Amino acid sequence: MKNLVPVVVLSLILGACNNNQNVTEKISETEEVAVEQPVEEEMRVTGSFGEEITEEGVISTEEMLAQLERADSVKVKVNSEILATCKMKGCWMNVDIPGEDNMRVTFKDYGFFVPKDGAEGKNVVMEGYAKKVTTDIETLKHFAKDAGKSQEEIDAITEPKDEVTFVATGVIIKDSE
C-alpha cells in the first residue's frame, strides 16, 4: 500500500503535464475514442494591454519630443506606429518617431506584454513616461538579440546610444487607420 501512493501521485503529475491536443479516453473495456482538448487561445494582436487607458488627451510624437526639450522626463499619452516587438516574450516594442531612429517602449514593472508577432504596422496609443537616456552597448546588444538580429549585426554595435525611451503603464493597439 505504501508503494501505491507514490505511483498514483506520479501518475497524476505526469497526466497533468500532458499537453497533447488529442487525448484517448476509454469508453469501455475494449473501445477508445479521441477527445478534442480545448486549445489555448492565441494572443490577440489588437486591444488594451496593461492598465486601462482611453484615447482622450493623446498627443503626437512631435509634441512629446517638444516637451522633452524642456525636461528630461515627461508623463504623456502619445500615438505612434509599431515598428517591431520583442520576438522572445513581447516585453518591449519599437515605435516610429519622426526624425529619430525609433523609440523603445517597455512596460512598467514588466507587468504586461504585447503580442510577439502581428503588431507591426499597427497604431498604438501609450500612456506613461518618456525619458531621454543613454543606452549602454551591452543593453543594445541584448535588445538586438531579442529582436532576432544576426550575430554580425549584434557585433556591429560598438557605441552607446542617446535616445528617447518610454515606460508604458497601458497601451491600446489598433488596426491601422
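**Q** Pulling in residues and values, what's your account of the nonpolar core?
**A** Nonpolar side chains tend toward joint burial in soluble globular proteins. Membership of the largest hydrophobic core comes to 26 residues, with the highest contact counts inside it found for Met64, Met93, Met103, Val105, Met126, Phe166 and Val171. Of all the secondary-structure elements, those providing two or more residues to this core are helix 2 (61-68), strand 4 (73-85), strand 5 (92-95), strand 6 (103-107), strand 7 (123-135) and strand 8 (161-174). Counting residues per element, this core draws most heavily on strand 8, at 5 residues. Once you skip the residues sitting within four places of it in the chain, Met126 turns out to touch Ile53, Val76, Lys77, Val78, Met93, Val95, Met103, Val105, Phe166, Gly170 and Val171.

**Q** Quick rundown of the packing of aromatic side chains? Include the residues and the values.
**A** Inspection of every chain in the model, using the stated rule, returns 2 aromatic pairs. With a centroid separation of 6.2 Å and 65 degrees between ring planes, the pair formed by Trp92 and Phe143 is classed as edge-to-face. Linking Trp92 in strand 5 with Phe143 in helix 3 (residues 137-146), this pair joins segments that are 51 residues apart in sequence. Residue classification places Trp92 among the buried positions, given a relative accessible area of 2%. Under the relative-accessibility criterion, Phe143 is labelled buried at 15%. Relative to Phe112, the ring of Phe107 lies with its centre 4.7 Å away and its plane at 45 degrees, an arrangement referred to as tilted. The pair Phe107 / Phe112 is uniform in exposure class, with both members buried. The positively charged end of Arg104 is found above the aromatic ring belonging to Phe143, 3.7 Å away from the centroid.

**Q** Run through unusual backbone geometry, naming residues and quoting values.
**A** Residue Asp109 is not a glycine yet carries a positive backbone phi of 55 degrees. On the secondary structure map, Asp109 appears in the loop between strand 6 and strand 7. You will see that Tyr110, though not glycine, has its phi angle at about 50 degrees, which is positive. Of note, Tyr110 is situated in the loop between strand 6 and strand 7.

**Q** So what's going on with the layout of surface pockets? Which residues, and what values?
**A** Space left empty within the atom packing is revealed by a probe, the size of a water molecule, rolled over the atoms. One number sums up the size of the largest pocket: a volume of about 380 Å³. Arg104, Leu140, Ala144, Ile157 and Lys161 are, among the 17 residues lining the largest pocket, the residues nearest its centre. Those elements that place two or more of their residues in the lining of the largest pocket are strand 5, helix 3, helix 4 (151-155) and strand 8. Residues that form the lining of the largest pocket fall into these classes: 9 nonpolar, 2 polar and 6 charged. Space inside the second largest pocket adds up to approximately 200 Å³. Forming the walls of the second largest pocket are 15 residues, and the residues nearest its centre are Thr106, Val133, Thr165, Phe166 and Val167. Elements represented by at least two residues in the lining of the second largest pocket include exactly strand 6, strand 7, helix 3 and strand 8. Top contributing element to the lining of the second largest pocket by residue count: strand 7, with 5 residues. A class-by-class count of the residues in the lining of the second largest pocket yields 5 nonpolar, 6 polar and 4 charged.

Thresholds, definitions, all that
- Residues numbered from 1 in each chain as written.
- Predicted model: local features only at pLDDT ≥ 70, side-chain atom pairs only at ≥ 80, totals over all residues.
- Heavy atoms only, no water.
- Core = buried A, V, L, I, M, F, W, Y, C linked by side-chain atoms within 4.5 Å.
- Buried < 20%, exposed > 50% of the residue type's maximum accessible area, 1.4 Å probe, protein only.
- Helix = DSSP H or I, 4+ residues; strand = E, 2+ residues; numbered from the N terminus.
- Contact = heavy atoms within 4.5 Å.
- Phe/Tyr/Trp six-rings, centres within 6.5 Å; stacked < 30°, edge-to-face > 60°.
- Lys NZ or Arg CZ within 6 Å of the ring centre and 35° of its normal.
- 1 Å grid on protein atoms, 1.4 Å probe; cavity = no way out; pocket = protein on both sides within 12 Å on 5 of 7 lines; lining within 4 Å.
- Points joined across faces, edges and corners; volume = space filled by probe spheres on them.
- Nonpolar A, V, L, I, M, F, W, Y, C, P; charged D, E, K, R; others polar.

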